[in-house]
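Structure at a glance
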Amino acid sequence: MKAILSNVNLMDLKDDLAQEFYSHIDDLMSHPLVLKMDDYSQHLNTSRLQHSLNVAYYSFLFARKLNLNVRDAVRGALLHDLFLYEWRTEQPVEGNHVLVHPIQALQNAHKVTDVTYVMEDVIASHMWPVGNVKPKTSEGWLIQMVDKMCAVMEIGVQSTKKIERMNFAPILLGLLFYIN
Ligand SMILES: [Fe+2]
Ligand SMILES: [Fe+2]
């Protein structure tokens, strides 16, 4: 179990960083609703569970550096896309996917765990500025950025080889190296 572009094995019992990360989500990672995200594609061949793990891990690294609420940031990040349908072909809830899936994710998050104020903000506002819910917390601002960063990595890595030709690749990889 690894986050995209990371060499850290998140299940490595000897890796202190991995253990610290996993301690925040161990209960969530055995919950059937969370594991069900593995059945759905998020970006190309990246499952929704892998995407959520990517966002959770990079949010963890940034939140530590920035002295934010690491636990709520990580848990909110893992649950930010907890909607259980194939959004390209199904829309069980009326409305624009961009606007309704954070609401679905928040409702499902309440079925999985106690949702704190910070976690609620993280989940509800992660589509900002495309969505209409503006983050109210520093963790919310962080995760809406990390979510987009991970989407770019997931699509970029799979689309290519071409990533080396993209102008943002050196900046992104430099940033990842710094926070690792
Ligand atoms: Fe989302
Ligand atoms: Fe996402």
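Above this note sits the structure.
The present account deals with the structure reproduced in this document. Predicted, not measured: the structure shown is a model, and the values here were computed from it.

What counts as what
- Residues numbered from 1 in each chain as written.
- Chains lettered and ligands numbered in written order.
- Predicted model: local features only at pLDDT ≥ 70, side-chain atom pairs only at ≥ 80, totals over all residues.
- Heavy atoms only, no water.
- Core = buried A, V, L, I, M, F, W, Y, C linked by side-chain atoms within 4.5 Å.
- Buried < 20%, exposed > 50% of the residue type's maximum accessible area, 1.4 Å probe, protein only.
- Helix = DSSP H or I, 4+ residues; strand = E, 2+ residues; numbered from the N terminus.
- Donors = N, O, S within 2.8 Å, 3.2 Å for Na, K, Ca; no water.
- Phe/Tyr/Trp six-rings, centres within 6.5 Å; stacked < 30°, edge-to-face > 60°.
- Lys NZ or Arg CZ within 6 Å of the ring centre and 35° of its normal.
- Tetrahedral: all angles 85-135°; square planar, octahedral: opposite > 155°, others 65-115°.
- Contact = heavy atoms within 4.5 Å.
- Polar contact = N/O pair within 3.5 Å; in protein donor to acceptor, adjacent residues only side chain to side chain.

**Thoughts on the nonpolar core**
Counting 45 residues, the largest nonpolar core has F21, I25, V34, Y57 and Y58 as the members making the most contacts within it. At the level of secondary structure, the elements contributing two or more residues to this core comprise α1 (16–23), α3 (48–65), α4 (70–79), α5 (97–112), α6 (117–124) and α7 (138–158). Broken down by element, this core gets its largest block of residues, 10 residues, from α3.

**Observations concerning the coordination of the iron ion (ligand 1)**
For the iron ion (ligand 1), the protein coordination sphere consists of D81 (OD), H101 (NE2) and H126 (NE2), at 2.0 to 2.1 Å. The two metals, the iron ion (ligand 1) and the iron ion (ligand 2), are separated by 3.7 Å and share D81 as a common coordinating residue. Of this pair, D81 sits in the loop between α4 and α5 while H126 sits in the loop between α6 and α7, and the two are 45 residues apart along the sequence. According to the relative accessible area criterion, H126 is buried, its value standing at 0%.

**A few points about the packing of aromatic side chains**
The relative placement of two aromatic rings is captured by the distance of their centres and the angle of their planes. Going through the model one piece at a time under the given rule, you end up with 5 aromatic pairs. Seen in terms of ring centroids, F83 and Y85 are 5.0 Å apart; in terms of plane orientation they differ by 55°. Their pairing is tilted. As far as burial versus exposure is concerned, F83 and Y85 are alike and both buried. Chaining the aromatic ring pairs together yields one cluster made of F21, Y57, Y58 and F60. When the ring centre of F83 is taken as origin, the NZ or CZ atom of R48, which lies over that ring, is 3.8 Å away.

**Overview of the coordination of the iron ion (ligand 2)**
Surrounding the iron ion (ligand 2) are the protein donor atoms H51 (NE2), H80 (NE2), D81 (OD) and D147 (OD), which sit 2.1 to 2.2 Å from the metal. For the iron ion (ligand 2), the 4 donor atoms in the first shell make angles of 82 to 172° at the metal, a pattern classed as irregular. Of note, the iron ion (ligand 2) draws all its donor residues from one chain, in the sequence arrangement H-x28-H-D-x65-D. Since its relative accessible area comes to 0%, H51 is described here as buried. A residue is classified by how much of its surface remains accessible, and D147, at 8% relative accessible area, is buried.

**Considerations on the environment of H101**
Relative to the assigned elements, H101 resides in helix α5. For the pair formed by H101 and F83, sequence separation is 18 residues and the distance between their alpha carbons is 6.3 Å. Other than its neighbours up to four places away in sequence, H101 contacts D81, F83, Y85, H126 and M127. Looking at H101, its side chain comes within polar contact range of the side chain of D81, at 3.1 Å.

Coordinates in, geometry out; function isn't part of it.
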